[in-house]
Amino acid sequence: MKFHVLTLFPEIPRAFFESSIMAKAVQKGIIAYDLVNIRDYAFDKHKTCDDNPYGGGAGMLMMPEPLNLALKSVRDKIGRKNWSGKNAKKKVIYVTPSGKPFTQKLAQELSQEDNLVLICGRYEGIDNRIIDTWVDEEISIGDYVLSSGEIAATVIIDAVYRLVDGVISSESLEEESYSDGLLEYPQYTRPEVFEGKGVPDVLLSGHHENIRKWRLKMRLAKTLRVRPDLVCEARKNGLLNAEAERMIEEITTQ
Ligand code: SAM
């Protein structure tokens, strides 16, 4: 999987690519990245990348020409076959607050691509003709407005790369929040007593079946409390078996 990030501030995503598990995945060759500085494709001597919006209004807009040239350069690097061939697995994403909401399900879908091209906006965003011509998906990381797209693109990259085969063990991913529609159970590590607070007895029992049941019940209780909408969604998608429904009954009648 290769991430191509088009940005006016490559140092923001670079810090992420050079750290922690991501850096290891890059070293192992599972993940690759290319940071494309849009300013390199500006053609006046001041390297201007923004201009006033037609129709007036506050703020500036990213001009189409530098972005267009930067995208062409990425397409050339990826090669036409991998860009638009029959078996091409690539997506061009514009991160924007007016895009579709980013979810774990979408992260899983994107983890199947070979090339993800992410356009980071700045100012009031980008000229719409770039979206019409190049963009496959407009994605928002939440219902709020950030000052630029680098953080949003990095959030998407972080959620996606860890799902790529070989980055993290599949066992670690299995019981994570959202993996099967529910939030995660509470977790504890040493010491057994911390500032007077103990660890639930069941976790010290070594009884695997009881631990499994306790964890499922905790997941259901937390999801019901914090995100009841997810429980409805899990039920609709057939993800709750009879055991889970019994536990929900117990939790809600307690
Ligand atoms: N004028 C835009 C609007 O009202 O939708 C907001 C532009 S915002 C100040 C600048 C850039 O930050 C956007 O072009 C986008 O790339 C990025 N951005 C801001 N909030 C975002 C969000 N919630 N999700 C994804 N990208 C976001």
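Remember, predicted model here, so these are calculated numbers, not experimental data.

Student: Before we go on, may I ask you to explain the overall build of the protein in this structure?
Tutor: In terms of regular secondary structure, the protein is built from 12 helices and seven strands. In terms of overall dimensions, the protein has C-alpha extents of about 70 × 45 × 45 Å along its principal axes. Of all 254 residues assigned to the protein, the portion counted as buried reaches 40%. When contacts within the protein are restricted to residue pairs at least 6 apart in sequence, long-range pairs at least 24 apart make up 72% of them. Looking at the protein, you have 34 positive and 38 negative side-chain charges, and the mean spots of the two groups are 3 Å apart.

Student: Looking at this structure, I do not really get the nonpolar core. What am I missing?
Tutor: Most often, soluble globular proteins keep nonpolar side chains buried together rather than apart. Judged by nonpolar contacts, the single largest core of 31 residues is most densely connected at Phe3, Ile31, Phe102, Leu110, Leu118 and Val160. Ranked by the residues each element gives to this core, the list is headed by helix α7 (residues 150–161), at seven residues. Ignoring any residue separated from it by four or fewer positions in sequence, one finds Ile31 in contact with Met1, Phe3, Met22, Ala25, Val26, Tyr161, Val164 and Val167.

Student: Got a minute to help me understand the packing of aromatic side chains in this structure?
Tutor: Tallied over the entire structure, the rule returns five aromatic pairs. Both rings, one in Phe16 and one in Tyr161, keep their centres 6.0 Å apart while their planes meet at 75°; by these two values the pair is edge-to-face. Of this pair, Phe16 sits in helix α1 (residues 11–17) while Tyr161 is found in helix α7, placing the two residues 145 residues apart along the sequence. Considered together, Phe16 and Tyr161 belong to a single accessibility category, that of buried residues. Between the aromatic rings of Phe17 and Tyr33, the centroid separation amounts to 4.2 Å while the plane-to-plane angle is 10°, which identifies the pairing as stacked. With Phe17 in helix α1 and Tyr33 in strand β2 (residues 32–37), the pair connects residues that are 16 residues apart, well separated along the chain. Relative accessible area serves as the criterion here: at 2%, Phe17 is assigned to the buried category. Following the ring pairs from residue to residue traces out a cluster consisting of Phe3, Phe16, Phe17, Tyr33 and Tyr161. Over the face of the ring belonging to Trp83 we find Lys90, whose NZ or CZ atom lies 4.7 Å from the ring centre.

Student: Hey, could you run me through the packing of helix α10 (residues 208–226) against helix α11 (residues 228–236) in this one?
Tutor: In a pair of packed helices, the angle between the axes and the distance between the axes together describe the arrangement. At a minimum axis distance of 5 Å, the contact between α10 and α11 shows a crossing angle of 120°. Relative to α11, α10 is oriented oblique. Here α10 contributes Thr223, Leu224, Arg225 and Val226 to the contact with α11, which in turn contributes Pro228, Leu230 and Val231.

Student: Mind showing me how you'd approach helix α3 (residues 64–78) here?
Tutor: Owing to its 3.6 residues per turn, the α-helix brings residues three or four apart onto one side. In this model, α3 (15 residues) spans 21 Å end to end at C-alpha, consistent with the 21 Å of a helix rising 1.5 Å per residue. Among all positions in α3, only Pro66, Leu67, Ala70, Leu71, Ser73, Val74, Arg75 and Ile78 are buried. Two residues or fewer past α3, Gly79 is found with a positive phi of approximately 95°.

Student: I keep staring at a nonpolar patch on the surface and nothing clicks. Help me out?
Tutor: Among the surface-exposed residues, Ile12, Tyr144, Leu146, Ile151 and Val155 lie close enough to one another that they form a single nonpolar patch of about 410 Å² accessible area. Residue position: Leu146 is located in the loop between β7 (137–140) and α7. Its relative accessible area of 37% is what places Leu146 among the partly exposed residues.

Student: Looking at this structure, I do not really get unusual backbone geometry. What am I missing?
Tutor: Peptide bonds are, in most cases, trans, and in most cases residues other than glycine have a negative phi. Between Arg190 and Pro191 the backbone carries a cis peptide bond, its omega angle lying at 5°. You can see Pro191 is positioned in the loop between α8 (170–174) and α9 (201–204). Look at Lys47: it is not a glycine, yet its phi comes out positive at around 60°. Relative to the elements of secondary structure, Lys47 occurs in the loop between β2 and β3 (50–51). In this structure, Tyr178 is a non-glycine residue whose phi angle is positive, near 75°. As for its position among the elements, Tyr178 is in the loop between α8 and α9. Its relative accessible area of 40% is what places Tyr178 among the partly exposed residues.

Rules behind the numbers
Residues numbered from 1 in each chain as written. Predicted model: local features only at pLDDT ≥ 70, side-chain atom pairs only at ≥ 80, totals over all residues. Heavy atoms only, no water. Helix = DSSP H or I, 4+ residues; strand = E, 2+ residues; numbered from the N terminus. Buried < 20%, exposed > 50% of the residue type's maximum accessible area, 1.4 Å probe, protein only. Contact = heavy atoms within 4.5 Å. Lys, Arg positive; Asp, Glu negative; His and termini not counted. Charge placed at Lys NZ, Arg CZ, Asp CG, Glu CD. Core = buried A, V, L, I, M, F, W, Y, C linked by side-chain atoms within 4.5 Å. Phe/Tyr/Trp six-rings, centres within 6.5 Å; stacked < 30°, edge-to-face > 60°. Lys NZ or Arg CZ within 6 Å of the ring centre and 35° of its normal. Axes fitted to C-alpha atoms, helices over the stretch in contact; angles between N-to-C directions. Parallel < 35°, antiparallel > 145°, perpendicular 65-115°, else oblique. Expected span 1.5 Å × (residues − 1). Patch = residues over 30% accessible without salt bridge, like charges linked within 9 Å, V, L, I, M, F, W, Y side chains within 5 Å. Areas by Shrake-Rupley, 256 points an atom, 1.4 Å probe, with all protein chains shown as cover. Salt bridge = Lys/Arg side-chain N within 4 Å of Asp/Glu carboxyl O.

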